[in-house]
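Commentary on secondary and tertiary structure
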Amino acid sequence: MQPSPIISLVITTYDRPDALEAVLEGCFAQDDKNFEIIIADDGSTANTRECIDRLRARSPVPLLHVWQPDEGFRAAMVRNRGTLAATGQYIVFLDGDCIPQRDFIARHRALAEPGFMVSGSRILLSKELTAQVLRDHISLPTLGLGAKLRYRFAGHLNKVLQLLVRWPDVLRVRRRFTWRRIKSCNLGVWRADLERVNGFDESFQGWGHEDADLVVRLFHAGVKRKDGAFATEVFHLWHPEAQRDQAASNRRVVLERASRKITQAEKGLREHLRHSQAGPVT
């Protein structure tokens, strides 16, 4: 029997080392250890590098740090750089403020299937619970049923059923495609499919919809969608909303490309390879 392929977990971060530490602790506690971590750093300062160096010393899996200068919101670019640094055949994108459950990698591996992407979901934490988790180093993945229900009833979790119930995997294929509710904070894609559509499109300006653009292009390239809800939930730590000046114009771009069935990023993985700009890896 062939061994299961290595999964590359690409974690995007920017100047929030306390949240990143909580996320990495969740990664270190995974039941399935056949994966690597690539931290895709969109210009964080030395505090983040020091956090990564300290945690890398006891990481049970390979851990790389890909960094690019801070020149504004460039999540698409740093995710591409993380993808290029990855060695796995299957890429799972996770944000540096989303704490995975202990079976996160195992469930993504179980749902990974050629010809499909897996869109995971998230459970939102309140500002108060987020502060408590980071201050007191609370392990959200190991919370008991009683604690989960108390936090939900007190309004500190926006949902809890997804932590308690699992859908049968045969019900996960989306019969009718939609790019709504797909977030790159929890998304599994085959590397070959990312390469086929040229990865994330770095021509998007500012926050918003570069992840939807990727998903729409993957769909038009023949990649179907599986729903990872009730299987791959992550705990999304609270943070102030990012500036969204370009969100409306970015959405119009996605809709226009969707109508034209565009599959290729204007500026993506191939451009990095062409110009040898993969960025420093540590």
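Below or above, wherever it landed, is the structure these notes cover. All figures in this text were calculated on a predicted structure; none of them were measured in a lab.

Things to note about the pairing of strand S3 (residues 63-67)
Successive residues of a regular strand alternate their side chains across the two faces of the sheet. Where strand S2 (residues 35-41) lies against S3, five bridges are found, and the strand directions are parallel. Each residue of the ladder has a partner; that of Asp41, found in S3, is Trp67. In this fold, the crossover linking S2 to S3 by way of helix H2 (residues 46-56) has right-handed handedness.

Description of helix H1 (residues 17-28)
In a regular helix each residue adds 1.5 Å, so 12 residues correspond to 16 Å; H1 covers 16 Å between its end C-alpha atoms and thus fits that length. With nine of its 12 residues buried, H1 lies for the most part within the structure. Inspection of H1 places Ala19, Leu20, Glu21, Ala22, Val23, Leu24, Gly26, Cys27 and Phe28 among the buried residues, and these make up the whole buried set.

So, unusual backbone geometry
Although it is not a glycine, Asp15 adopts a positive phi angle of roughly 50°. Within the secondary structure layout, Asp15 lies in the loop between strand S1 (7-13) and H1. Here Asp15 falls in the partly exposed class, since its relative accessible area comes to 33%.

Some thoughts on the environment of Phe93
Along the chain, the position of Phe93 falls in strand S4 (residues 90-95). We classify Phe93 as buried; its relative accessible area is 0%. Sequence separation between Phe93 and Gly188 is 95 residues; the distance between their C-alpha atoms is 6.3 Å. Setting aside anything within four residues of it in sequence, one finds Phe93 in contact with Val10, Arg79, Thr83, Ser184, Cys185, Asn186, Leu187, Leu194 and Phe200.

Topic: the packing of aromatic side chains
Inspection of the entire model under this criterion finds two aromatic pairs. Over the face of the ring belonging to Phe200 we find Arg79, whose NZ or CZ atom lies 5.4 Å from the ring centre. Sitting above the plane of the Phe116 ring, Lys226 keeps its charged end 5.4 Å from the centroid.

A closer look at the sheet that holds S4
Here we have seven strands laid out as an open sheet, ordered S3-S2-S1-S4-S8-S6-S9, and mixed in their pairing. Looking along the sheet, the strands with just one partner apiece sit at the ends: S3 and strand S9 (224-227). Going from strand to strand, the sheet's axes swing by 20° on average, the running direction of each strand aside. One ladder, built from five bridges, connects S4 with strand S8 (residues 186-190); its direction is antiparallel. What sits directly across from Leu94, in S8, is Asn186. Set on the sheet, helix H3 (residues 75-85) makes contact with S1, S2, S3 and S4; between it and S3 the angle comes to about 140°.

Details of a nonpolar patch on the surface
Together, Leu145, Leu161, Leu164, Val165 and Trp167 line one region of the surface with nonpolar side chains, adding up to about 430 Å² of accessible area. Mapping Leu145 onto the fold places it in helix H6 (residues 145-153).

With respect to the pattern of salt bridges
Under the definition given, this model contains 17 salt bridges. Where Arg257 meets Asp201, a salt bridge forms, and the shortest distance between an N and an O atom there is 2.8 Å. Pair noted here: Arg257 is in helix H10 (residues 247-260) and Asp201 is in the loop between helix H8 (191-196) and helix H9 (210-220), with a separation of 56 residues, a long-range link. Residues Arg257 and Asp201 agree in their burial class; the two are buried. Beyond isolated ion pairs, a larger network of salt bridges with shared partners links Asp201, Asp213, Arg217, Arg257 and Glu266.

What counts and what doesn't
Residues numbered from 1 in each chain as written. Predicted model: local features only at pLDDT ≥ 70, side-chain atom pairs only at ≥ 80, totals over all residues. Heavy atoms only, no water. Pairing = 2+ DSSP bridges. Helix = DSSP H or I, 4+ residues; strand = E, 2+ residues; numbered from the N terminus. Right-handed = clockwise from strand over helix to strand, strands pointing away. Expected span 1.5 Å × (residues − 1). Buried < 20%, exposed > 50% of the residue type's maximum accessible area, 1.4 Å probe, protein only. Contact = heavy atoms within 4.5 Å. Phe/Tyr/Trp six-rings, centres within 6.5 Å; stacked < 30°, edge-to-face > 60°. Lys NZ or Arg CZ within 6 Å of the ring centre and 35° of its normal. Axes fitted to C-alpha atoms, helices over the stretch in contact; angles between N-to-C directions. Patch = residues over 30% accessible without salt bridge, like charges linked within 9 Å, V, L, I, M, F, W, Y side chains within 5 Å. Areas by Shrake-Rupley, 256 points an atom, 1.4 Å probe, with all protein chains shown as cover. Salt bridge = Lys/Arg side-chain N within 4 Å of Asp/Glu carboxyl O.

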